[in-house]
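So you can see what is in the structure, the chains are spelled out below.
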Amino acid sequence: MTQQFQSAFSSFADLFSGACLVSGGDGVIFSAANGLANRDFNIPNTIDTMFDTASVTKTFTAAAILLLAEKGLLQLDDKIADIIDLSGTEIPSDVTIEQLLNHTSGIADDADEEAGEDYSALFINKPNYSIRNCVDFLPQFAYKKPKFKAGTDVRYNNCAFILLGLAIEKITGTDYRTFVTEKIFTVCGMKHTRFYAKDEISPNAAEGYFAVKDENGVFIKWKKNIYSYPPIGTPDGGAYTTVGDLDIFIRAIRDCKLLTREYSDIMMKPHCEFTRRSKYGIWRTGYAFEFIEIEAENKIFCMYKEGGNPGVDAIFSYYPELNISLNILSNQSNGVLWQIYRKMQDILFEAAIKINQL
């Protein structure tokens with residue numbers, strides 16, 4: 001299988017900037033890094049380079065919420081409006097913690113990416129450095145009308161996780177980043193995961209670059225993403241990590257090092273009645289993670305979370321039947337990561353068919 005992954009990676013290596021890790025229960029199956037972490041000084045990416053994860057950060061937020069639920073500090077069916085003060089906003093009073101976690105809340109987003117809105121456009125007339133903490137996001141979405149009644153549909157939503165972050169802060173009396181760092185990253189042993197700010201020194205962290213093209217789509221130059229989104233990670237995105245630390249995180253959940261068996265199982269299963277079809281089976285949402293279920297066998301082929309921003313592409317995925325994690329992080333948003341990922345996922349799907357006769 002190692003040679004298959006090597007071949008899949010090599011097909012696009014010249015265009016890829018980032019790191020890739022395929023890891024099984026017995027250790028590393030394949031790893032590789034390519035491209036530059038810093039184009040100013042020609043510093044190469046390595047397998048231990050830390051990358052912005054964009055929305056992959058939502059999985060850390062979900063784990064933090066489940067940790068509070070496990071301790072009895074909240075219930076998944078609690079109403080968010082009963083935890084934090086949302087008076088005067090358009091957030092409906094019946095929206096629950098679970099609906100925020102699985103994208104069925106129906107609340108408006110700051111940028112509706114499913115409708116094609118550009119997140120970075122939020123900061124054309126408003127400085128991105130003015131958005132650093134959870135509460136700073138509220139004016140961007142909380143006063144917009146909901147998209148649908150909570151629990152009646154599913155639609156991806158970033159700002160649902162901002163509300164979850166505010167709930168974490170209210171319940172714990174600690175700011176979101178400190179709580180997640182101490183209770184998630186440190187407990188799991190994720191020694192190379194941080195909330196780095198773009199205006200701070202960030203050792204071993206890759207800068208993000210996006211392509212500038214002319215009106216005909218022809219590449220002109222690479223540009224840094226420092227003005228494309230808030231300068232430091234928040235509950236919906238932006239933590240920095242390595243491909244190895246993502247493997248550590250999912251195995252800490254799987255092996256109950258972070259949560260009890262009950263809550264580990266909750267995190268590793270879908271929790272949404274709304275489905276879509278994918279190439280491999282039935283797609284459903286869970287708590288931050290999304291799931292592909294093999295329809296005929298009612299087995300989970302893949303649980304994953306992807307992320308993308310200007311200068312950031314990321315995929316964090318785990319295949320329970322194979323006990324394999326596949327993580328790819330990139331500091332270039334040129335789409336190459338997704339081509340590599342699709343080839344590698346095909347390899348894993350073939351392996352799942354052979355092993356489990358799906």
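### Thoughts on the side chain of Ser-120
- If you trace the backbone, Ser-120 turns up in the loop between helix 3 (97-101) and helix 4 (138-141).
- Using a relative accessible area of 18% as the deciding quantity, one classes Ser-120 as buried.
- Those residues within four positions of Ser-120 in sequence are excluded, and the remaining contacts are Ser-228 and Pro-310.

### Notes on the sheet that holds strand 2 (residues 27-34)
- Pairing is antiparallel across the open sheet formed by eight strands, whose spatial order is 2-1-14-13-12-11-10-9. For this open sheet the edge positions go to strand 2 and strand 9 (276-277), each flanked by a neighbour on one side alone.
- For strand 11 (residues 290-294) and strand 12 (residues 299-309), the ladder comprises five bridges, and the chain directions are antiparallel. Note on strand 12: the bridge partner recorded for Phe-291 is Met-303.
- Its contacts with the sheet place helix 1 (residues 2-10) against strand 1 (18-24) and strand 2, and it is angled at close to 15° to strand 2.

### Regarding the environment of Asp-85
- Along the chain, Asp-85 turns up in the loop between helix 2 (58-70) and helix 3.
- Note on Asp-85: relative accessible area 65%, which makes it exposed.
- Note: C-alpha distance between Asp-85 and Leu-166 (81 residues apart in sequence) is 9.7 Å.
- Within polar-contact distance, the side chain of Asp-85 engages the side chain of Ser-87 at 2.7 Å.

### Points about unusual backbone geometry
- Positive phi, close to 55°, is recorded for Asn-42, a residue that is not glycine.
- Of note, Ala-54 is a non-glycine position whose phi angle comes to about 50°, a positive value.
- Position of Ala-54 relative to the elements: it lies in the loop between strand 5 (51-52) and helix 2.
- According to the relative accessible area criterion, Ala-54 is buried, its value standing at 2%.

### Some details on the environment of Asp-48
- Along the chain, Asp-48 falls in the loop between strand 4 (43-44) and strand 5.
- Taking relative accessible area as the criterion, Asp-48 reaches 46% and is therefore assigned partly exposed.
- A sequence separation of 193 residues divides Asp-48 from Thr-241, and the C-alpha atoms of the two residues are 8.9 Å apart.
- For Asp-48, the residues in contact, after removing those within four places along its chain, are Asn-204 and Thr-242.

### Describing the nonpolar core
- Formed by 82 residues in total, the largest nonpolar core has its most connected members in Ile-80, Leu-101, Phe-141, Leu-163, Ile-184, Phe-249 and Met-267.
- Those residues within four positions of Leu-163 in sequence are excluded, and the remaining contacts are Ile-80, Ile-84, Leu-86, Ile-91, Leu-100, Ile-107, Leu-138 and Phe-141.
- If you look at the next biggest cluster of nonpolar residues, it comprises 35 residues, including Ala-32, Trp-283, Ile-315 and Ile-324.

### So, the pairing of strand 12
- Of all 11 residues in strand 12, eight are buried; the element is thus mostly enclosed.
- Bridging between strand 12 and strand 13 (residues 312-319) involves seven bridges; their strand directions are antiparallel. When the bridges of strand 13 are listed, Gly-308 appears paired with Asp-313.
- Between the end of strand 12 and the start of strand 13, which pair antiparallel, lie two residues, with Gly-311 showing a positive phi angle near 85°.

### A closer look at the pattern of salt bridges
- The full count for this structure, using the stated rule, is 13 salt bridges.
- For Lys-145, the salt bridge goes to Glu-90, with nearest N and O atoms at 3.3 Å. Residue Lys-145 is found in the loop between helix 4 and helix 5 (159-172), and its partner Glu-90 is found in the loop between helix 2 and helix 3; the two are separated by 55 residues along the sequence.
- Where Asp-199 meets Arg-132, a salt bridge forms, and the shortest distance between an N and an O atom there is 3.3 Å. Here the residue Asp-199 occupies a position in the loop between helix 6 (176-188) and strand 6 (209-213), and Arg-132 occupies one in the loop between helix 3 and helix 4, the gap between them amounting to 67 residues.

### Concerning the layout of surface pockets
- Approximately 790 Å³ is the volume found for the largest pocket.
- As for the largest pocket, its lining consists of 45 residues, and the residues nearest its centre are Tyr-156, Lys-305, Glu-306, Gly-307 and Gly-308.
- Those elements that place two or more of their residues in the lining of the largest pocket are strand 10 (282-285), strand 11, strand 12 and helix 9 (336-356).
- The element best represented in the lining of the largest pocket is strand 12, accounting for six residues.

Rules used in this analysis
- Residues numbered from 1 in each chain as written.
- Predicted model: local features only at pLDDT ≥ 70, side-chain atom pairs only at ≥ 80, totals over all residues.
- Heavy atoms only, no water.
- Helix = DSSP H or I, 4+ residues; strand = E, 2+ residues; numbered from the N terminus.
- Buried < 20%, exposed > 50% of the residue type's maximum accessible area, 1.4 Å probe, protein only.
- Contact = heavy atoms within 4.5 Å.
- Pairing = 2+ DSSP bridges.
- Axes fitted to C-alpha atoms, helices over the stretch in contact; angles between N-to-C directions.
- Polar contact = N/O pair within 3.5 Å; in protein donor to acceptor, adjacent residues only side chain to side chain.
- Core = buried A, V, L, I, M, F, W, Y, C linked by side-chain atoms within 4.5 Å.
- Salt bridge = Lys/Arg side-chain N within 4 Å of Asp/Glu carboxyl O.
- 1 Å grid on protein atoms, 1.4 Å probe; cavity = no way out; pocket = protein on both sides within 12 Å on 5 of 7 lines; lining within 4 Å.
- Points joined across faces, edges and corners; volume = space filled by probe spheres on them.

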